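Remarks on the overall topology
Take a look at the letters that make up each chain.
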Amino acid sequence: MASYLRSWLYAQNPNVDPSNVPSIETSPEEDDDTETVHGDDDAPPAFPAVNSAQRAAAGSQSDDIPQILTENQLMPPPPPPSLAARRPGTLGVPSAGSSSLLAPITTIKPPPQPAKKGKVALAPGHGPLDWANLKKSGQNLRGTDSLLRVTPSMLKEHRTRDDAWSSFSGKVYNITPYLPYHPGGEKELMRVAGRDGTKLFALTHAWVNIDYMLDECLVGFMVSESAS
Ligand code: HEM
């Protein structure tokens, strides 16, 4: 305890010679804790440490009055925002020193044009709903009375605008009634007239449900030449 007080006193005034610190008389402590060993080693270190930078800095200051910085020592204020640098429609990253209030590039840059899709403008009355209504109308859209066994040579005979058949995954459809309703245009669809269009169809729009779209146009199924 005595050593602790001595170190505390010394910490308060380091200029004092530790040998001159008046001795402090303390009454012997009552040791009611049998586990803990008390002694001089329990004295906490001086805080801040005797040879610390804080203590050295505190000692160097002549008085406790806070130092007031002069004009030259103060940090200069930020430059005023340059309004002249704000030009609407200016593209590019604002150069250093220009105002941070400049409008973000994204707001002044025209949005990129979407990639041109292969869709064509359908004639009035030839939208997807119109096609759905035509399918429901009960009209014979297949052009045949019954389902046929179609050979490749038979398929080839139906390749004109007014009589176009095409096969998709073994199923043969009469595509003529669908031509004006095709969102990709008649010309594109006519590329598969009289032949197997499975590959081209899958490459263009595999997500389209052809079995549903053309169910009323089903002509028959592909068979080999000899099987007819
Ligand atoms: C008879 C079978 C076919 C049916 C039922 C059909 C149906 C469709 C449908 C529903 C769309 C609109 C797709 C969408 O908006 O996501 C479409 C678009 C298109 N189709 Fe077809 N199609 C057929 C065959 C073909 C073939 C054989 C070609 C190519 C030679 C083709 C070329 C296109 C193109 C270029 C588009 C526009 C693609 C786009 O919007 O990105 N179609 N077709």
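Just above, that's the structure.
Residues numbered from 1 in each chain as written. Predicted model: local features only at pLDDT ≥ 70, side-chain atom pairs only at ≥ 80, totals over all residues. Heavy atoms only, no water.

Section: the overall build of the protein chain
Looking only at helices and strands, the protein chain features eight helices and five strands. Taken from the N to the C terminus, the helices and strands of the protein chain come in the order α-α-α-α-β-α-β-β-β-α-α-α-β. Counting across all 228 residues of the protein chain, residues that qualify as buried make up 20%. The contacts of the protein chain with a sequence gap of at least 6 include a subset with a gap of at least 24, amounting to 64%. (Helix = DSSP H or I, 4+ residues; strand = E, 2+ residues; numbered from the N terminus. Buried < 20%, exposed > 50% of the residue type's maximum accessible area, 1.4 Å probe, protein only. Contact = heavy atoms within 4.5 Å.)

Structural notes on unusual backbone geometry
Even without glycine at this site, Ser-169 takes up a positive phi of about 55 degrees. Within the element layout of this structure, Ser-169 appears in the loop between β3 (163-168) and β4 (171-174).

Details of the environment of Asn-140
Residue placement: Asn-140 occurs in the loop between α4 (128-136) and β1 (148-150). Here the alpha-carbon distance between Asn-140 and Pro-177, two residues 37 residues apart in the chain, equals 9.9 Å. Here Gly-143 takes part through its backbone nitrogen, which lies 3.2 Å from a polar atom of the side chain of Asn-140. Polar contacts involving the side chain of Asn-140 include one to the main-chain carbonyl oxygen of Thr-144, which spans 3.3 Å. (Polar contact = N/O pair within 3.5 Å; in protein donor to acceptor, adjacent residues only side chain to side chain.)

Focus on the pattern of salt bridges
In total, this model carries four salt bridges according to the counting rule given. Of the charged contacts in the structure, one is a salt bridge between Glu-186 and Arg-161, with a shortest N-O distance of 2.7 Å. With Glu-186 in helix α6 (residues 186-190) and Arg-161 in the loop between β2 (159-160) and β3, the pair connects residues that are 25 residues apart, well separated along the chain. Between Arg-191 and Glu-188 there is a salt bridge whose closest N-O contact spans 3.0 Å. (Salt bridge = Lys/Arg side-chain N within 4 Å of Asp/Glu carboxyl O.)

Here's the deal with the side chain of Thr-144
Within the secondary structure, Thr-144 sits in the loop between α4 and β1. Its relative accessible area of 13% is what places Thr-144 among the buried residues. Reaching out from Thr-144, the side chain makes a polar contact with the backbone oxygen of Ser-146 at a distance of 3.3 Å. With near-sequence residues (within four places) excluded, Thr-144 lies in contact with Trp-165 and Val-219.

Concerning the site of the ligand
Taken together, the neighbourhood of the ligand is formed by 22 residues, with Lys-119, His-182, Glu-188, His-205 and Trp-207 sitting nearest. His-205 is positioned such that a nitrogen or oxygen atom in its side chain is 2.7 Å from a nitrogen atom of the ligand. Measuring from an oxygen atom of the ligand, one finds a side-chain N or O atom of Trp-207 at 2.9 Å. With respect to the pocket detection grid, the ligand is positioned in the largest pocket. Mapped by element, the contributors of at least two residues to the shell around the ligand are α6, α7 (198-205) and α8 (210-213). The biggest single contributor to the shell around the ligand is α7, with four residues. Residue composition of the shell around the ligand, grouped by class: 13 nonpolar, five polar and four charged. (Near = heavy atom within 4 Å. 1 Å grid on protein atoms, 1.4 Å probe; cavity = no way out; pocket = protein on both sides within 12 Å on 5 of 7 lines; lining within 4 Å. Sits in = over half its atoms within 2 Å of the grid points. Nonpolar A, V, L, I, M, F, W, Y, C, P; charged D, E, K, R; others polar.)

A look at the nonpolar core
Core analysis: the biggest nonpolar cluster contains 18 residues, and Trp-131, Phe-168, Tyr-173, Ile-175 and Leu-214 have the highest contact counts within it. Elements with a minimum of two residues in this core: α4 and β3. If you look at the next biggest cluster of nonpolar residues, it comprises five residues, including Val-150, Leu-155, Val-172 and Val-219. (Core = buried A, V, L, I, M, F, W, Y, C linked by side-chain atoms within 4.5 Å.)

Details of the coordination of the iron atom of the ligand
Surrounding the iron atom of the ligand are the protein donor atoms His-182 (NE2) and His-205 (NE2), at 2.0 Å. Because the angles between the six donor atoms bound to the iron atom of the ligand fall within 88 to 179 degrees, the donor set is best described as octahedral. Here His-182, found in the loop between β4 and α6, pairs with His-205, found in helix α7; they are 23 residues apart in sequence, far enough to count as distant. (Donors = N, O, S within 2.8 Å, 3.2 Å for Na, K, Ca; no water. Tetrahedral: all angles 85-135°; square planar, octahedral: opposite > 155°, others 65-115°.)

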